[in-house]
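Each chain is listed here by its residues.
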Amino acid sequence: MGHINNSYRDVAILSLWFFSVVQSAYKDGDVILGGLFNIHQLQENSNGQCGELDTKGIGRAQAMIFAIESINNDSNLLPNITLGYDIRDYCENTTKATQMTYELIKNKFCASITRNNTNNTKPIVVLIGPFESRTALVIGGILQMLNVSGVSGTTTSPELGSYNYKHLYRTAPPDTFLAKAVADIIDHFKWTYVAAVGLDDSYGRNGVWSLVKEAAARKGGSFCIAMTEFIPLENQFPSIRDIVTSLLRQENIRVIILWTYGSYQMNFFREVNRQNLTGRVWILSTEVSLTSKVFLHTGFFTINESIGFQPHSFYDAGLKEHMIELLTNNTHNHYAPEWWSEVRALTLNCSVANMQNNIQHGNDQNELCSQAVVRDLYGPYIPYVIDAVYSVAHALDVLAKDTNMTDNHCRPKTNINSCDMQRLLSRVNFVGLTGNVTFNEFGDRGSAIYDIVNFQQGQETDGKRLKQVVIGKWEENGKNSKMLRFYSDMHWNSTNGTPPKSECLDQCSAGTRKSTTSPCCWQCVPCPGGTINSIPGSENCIECPKGKRSNEARTECVDLPIINMKYSSSGGMVILVFIAFGIVGALFSFAVLCRYWNTPIVRASNRELSLALLVIILSLLSLTVVNLFEPTDTTCKVVYPWRYITYNLCLSLLLIKVLRISSAFHIPITPYCTINSLTSRMQAVIVITLQVLLLLLLLPWLLLDPPVSMKHIVTEHYIFVECKAYNFLAGKSLFMLTFSYVFLQMLLCAFSCFKIRNIPENLDCGKESKQSTLEL
C-alpha cells in the first residue's frame, strides 16, 4: 500500500506541469467532509489545464463552507462534534476529479490496513459533489466500489438515478422533471418544430433524450424535435461550428433547446455570435453567467428574449450577507479559502472601473462592488449544496442518537464506518432550504421546482446589459395540478409582442390538409372529393354529409344537384307543349260536344259518359303537370290517390260503355251473364261501387303507411327525388292490392271489349234493332 501511495504522490507532482496549481480549502474537525467543485473552468486547448475563474463554482464551494460553519455553531445539531472540510478544485476535468477523489478517500483505507496513518489529514466520511453529471458517473463508480457515500447538490442526469449509483445521493432534482418543464413551455407557446443541442455526456445526452421521450409520450405529438445534435467533449470546436451552421440553414427552426453548461456553453455562444445566428429563441437548461466575456458585450444579441430554467430561488440562510462581509472586511478570515484572493481581485477591478467612470468613491464604492461580485458568485444551486451538507449532518445526528459517538474520555469517535453512512443517509428526513429532504431507493428526490427566467435587455449607466428576470415557476410536488405558472408576460422581439412561430411550414390553407412526410414535417395536400377542410392548419378533411358534395375549393359542402325533370328544363318545356296540345284538344272536343249536344250521334255515344271522360282526360293532363315539380310528402300523398282514382274512373266509364253496347245488341259478355237493359241508375251504382271498393283500399293505405318523398343519392353526382309508395309491409300489401284491383278492372274492360268485337255492322235488323240503336 505504501508503494501505491508513492505512485500517486508522483502522479500528483507530475500533474502540476499539466494543470494549474490545485487550489483547495482545508479545515480540521472531528469529522471531515470532502468537496469537489469547479472553481475554475477548463482552459481551451490546454490538455486539461485550469483556465478562467468560474464564479458560480466559487459560490457553491463557499456554500459548503458556510453550511459546515453554521452546523458547527448550532448547539442542537451534532453537539460536541465539529465538522471539517477538504475541498478541491478539479476545473471541469474528469481525470483530475478522479485523482482528487482517490486522494480524499485513500487515507481512510490506508489507515484501516496499516493501522498507522502518517498523513496529517484525516479521511473523509462523505464526499460533497461533484458539479456536473459526467464527472459524477465516474466518481459514483468509485464510491460504489469503495463503499463510500457522496451527496451532490448539482448533478441532475437521469442516468445517475439507478442502482449502479446508489452510493451517490442528490438533493437537486433529476432532469426528467426539467424535460417535463421544457415540454410544457413549448406546448404553452404552441411551438411545434424545435431543435435540441446537448453536450455529449451524461447530462446533455440524457437530458435531450428525456425531452424526446416526453414529446413522444404526449398525446398527438404536440411538438416535434426536428434536429438533435450533441457537442463532443473532445475536439468540440469543429462540431460546434457545424451545428451552428446547420441551425443557420434551418430557418424554420426558431426555438432551440440547449442542454449544456459551463465552458461548453460559453464556447457554443461564441460561435453563435461569430456566425450571427440571431432571431432564435433559446431555451437553456441551466443558469448562465452573464458576467462572462461572451455576454458582456455581444451576448444580448444572442439570447435576448430567450428562456432559461434554473432551480427555484430558495432562501440561502444568510450566505449572501456572509460573502459580502468577507469581501468588505479587509482583515484575513481564519476560514477564507485560498481562492478568495481571486475573488477580492474581482472586487478590486470593479472598484478601479468605477473610479475611472467617476461613479462612486470610498466605502460605498467598495460595498457596491462587493454586492455586484456576490451576485455573480451566487447561483441557484447554492441552497441545494447547503442541503447536501445538512443531509450529512442529519445522518450523523441520527448515528449520534442511535449510538454513543464519544469514547470513555468524552472525545468524539472519528472512525465512522462508511457502510453506516449509506444506511444513515437513507433515513434522513428533515426540512431544508429546498423543502423536505428525503431520498428514495436510488438516492433521488421526488419533487422539483424551477424558476422560469426571461433574458431581457436593459439600459444601464455604462450601456446596454442583459439581465435575467424571473417570470414564472414550474412545480411538481404532487399537490399542485397546475404545474406551469407565470408571474409576468414574456418579452418578445416581435412588433406586436407575440411569440415567434416555430413550425415546419406555414399553416395549410383551407381546403387542404397536413400530410406528414417525416416525424417533424408535412406537406399541404388538397382534400379529396367529397371532403372539406374549412379550418386552416387542420390535419384532417371532413367528409360531407349525405346529399352534399365539396365545392371546387374544398372549403365547404354544397347541395347535390337534383336531376328531376323541371318545367323550366328543355324536357319539361316539351312536355308542357304536349300537355297544352292535349288540353286544347280536350277543350275543343268539349266545345264540339256541347255544340252538338242534342244530335243523334252525340246522344248515341252517351254524351254524359263522354263528358265525364273529357274531364278525366283533363285530370290526367294536370297530373302530368304536378309531376314536373319536385315531389314532397304532401304531393306524394295526393298524387297516388289521384292517379288510381282517375284510372279507376276512366276504366269504370269504359266498362259502362261496353256494357251499354252489350245490352243494346244483346251480346252476352259471358254465356251466363246477359244484360238486357242498363238503366242510368244501374250505371251510377256500378261506377259508385267500383269507386267505393277502391276507396276501401286507399284509405287504410293512406292512414297506415302513406306515400312519402324519397331521395336517391348518387354520391358526388346528383339526387333524384321520387314518391315512394310505402315504407313498411302493411303499406306494401295495400299498395299491391290497390294496383291489383285497378289491373283486374283493366283486364275486365279488355275482356268485355273483346267479347263485343263482333257487333253487326248492318243496323237494318228490324224495327226493334233500329229502336235500340237510336236509344244508344
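A quick note: this is a predicted structure, and the numbers were derived from the prediction, not measured. Positions within a chain are numbered from 1, following the residues in the order the chain's sequence is written. The predicted origin of the model limits local features to residues at a pLDDT of at least 70 and limits the giving and counting of side-chain atom pairs to 80 or more, whereas totals for whole chains, interfaces and linings rest on all residues. As a convention, hydrogens and water are excluded, and side-chain values are obtained from all of the structure's heavy atoms.

Draft legend 1. Quick peek at helix 18 (residues 607-626). A run of H or I in DSSP counts as a helix once it spans at least four residues, and a run of E counts as a strand once it spans at least two, with each numbered from the N terminus. Any helix carries an expected span of 1.5 Å times its number of residues minus one. The terminal C-alpha atoms of helix 18 lie 29 Å apart, and with 20 residues this matches the ideal 28 Å at 1.5 Å per residue to within 8%. We call two residues in contact whenever any of their non-hydrogen atoms come within 4.5 Å of each other. Against helix 16 (570-595), helix 17 (600-604), helix 19 (633-664) and helix 20 (680-704) lie the buried residues of helix 18.

Draft legend 2. Local environment of the UniProt feature "transmembrane region" (unreviewed entry) in the chain. When the UniProt feature table is mapped to this numbering, "transmembrane region" (unreviewed entry) covers residues 573-597, 609-629, 641-659, 684-704 and 734-754. The span residues 641-659 is 100% helical and 0% strand by assignment, and the distance between its end C-alpha atoms comes to 26 Å. Helix and strand shares over residues 734-754 are 100% and 0% respectively, and the end C-alpha atoms of the span are 30 Å apart. UniProt positions are given in the numbering used here, feature names are shortened, and annotations may be inferred rather than shown by experiment.

Draft legend 3. Expanded view of the state of the cysteines. We call a pair of cysteine sulfur atoms a disulfide when they lie within 2.5 Å. Applying the stated rule across the entire model yields 5 disulfides. Between the sulfur atoms of C527 and its disulfide partner C541 the distance amounts to 2.0 Å. In this structure the cystine formed by C527 and C541 twists about its S-S bond by roughly -75°; its chirality is therefore left-handed. Taken together, the residues C527 in the loop between strand 20 (521-526) and strand 21 (531-532) and C541 in the loop between strand 21 and strand 22 (542-543) connect sequence positions 14 residues apart. No disulfide involves C749; its nearest neighbouring cysteine sulfur is the one of C753, lying 6.5 Å away.

Draft legend 4. Looking closely at the packing of helix 18 against helix 19. Here an angle of 0 to 180 degrees is reported between the N-to-C directions of two axes, which are lines fitted to C-alpha atoms, with helices fitted over the stretch in contact. Packing of helix 18 against helix 19 leaves a shortest axis separation of 10 Å and a crossing angle of 155°. The orientation of helix 18 relative to helix 19 falls into the category roughly antiparallel. At the point where helix 18 passes helix 19, the crossing takes the left-handed sense. Along its contact with helix 18, which presents L609, S610, A612, L613, I616, S619, L620, S622, L623 and V626, the element helix 19 presents V639, W642, R643, T646, Y647, L649, C650, L653, L654, I656 and K657. Our angle categories are set so that under 35 degrees counts as roughly parallel, over 145 as roughly antiparallel, 65 to 115 as roughly perpendicular, and the remainder as oblique. Two helices crossing with the near one rotated counterclockwise from the far one by less than a right angle form a left-handed crossing, whereas a clockwise rotation gives a right-handed crossing.

Draft legend 5. Geometry of the sheet that holds strand 5 (residues 83-89). Taken in spatial order, the 6 strands line up as 1-5-2-6-7-8 in an open sheet, and their pairing is mixed. Looking at the sheet topology across the chains shown, the edges are occupied by strand 1 (24-27) and strand 8 (168-170). Each neighbouring strand pair of the sheet contributes to a mean axis angle of 25°, computed without reference to strand direction. Against the sheet, helix 2 (residues 55-72) engages strand 1, strand 2 (31-37), strand 5 and strand 6 (124-128), with an angle of about 170° to strand 5. If DSSP finds at least two bridges between two strands, the strands pair.

Draft legend 6. Structural context of empty space enclosed by the protein. For each structure, a 1 Å grid was placed over the protein atoms alone; sets of points admitting a 1.4 Å probe that cannot get out are labelled cavities, open sets with protein on both sides within 12 Å along at least five of seven lines are labelled pockets, and lining residues have an atom within 4 Å of a point. Grid points are joined across faces, edges and corners, and a volume is the space filled by probe spheres set on the points. Considering all chains together, one arrives at 3 cavities of 30 Å³ or more under this definition. By volume, the largest cavity is sized at about 80 Å³. Taken together, F131, E132, S133, T154, T156, Y203, Y261, T286 and Y381 make up the lining of the largest cavity. When residue character is reported, Ala, Val, Leu, Ile, Met, Phe, Trp, Tyr, Cys and Pro are called nonpolar, Asp, Glu, Lys and Arg charged, and the others, Gly included, polar. When grouped by side-chain class, the residues that make up the lining of the largest cavity number 4 nonpolar, 4 polar and 1 charged. When its volume is computed, the second largest cavity comes out at roughly 50 Å³. Together, T156, P173, D175, L178, S285, F309, Q310, P311, Y381 and Y450 line the second largest cavity. Within the residue set of the lining of the second largest cavity, elements represented by two or more residues are helix 5 (175-188) and strand 13 (307-311). For the lining of the second largest cavity, the element with the highest residue contribution is strand 13, accounting for 3 residues. Here the lining of the second largest cavity is composed, by residue class, of 6 nonpolar, 3 polar and 1 charged.

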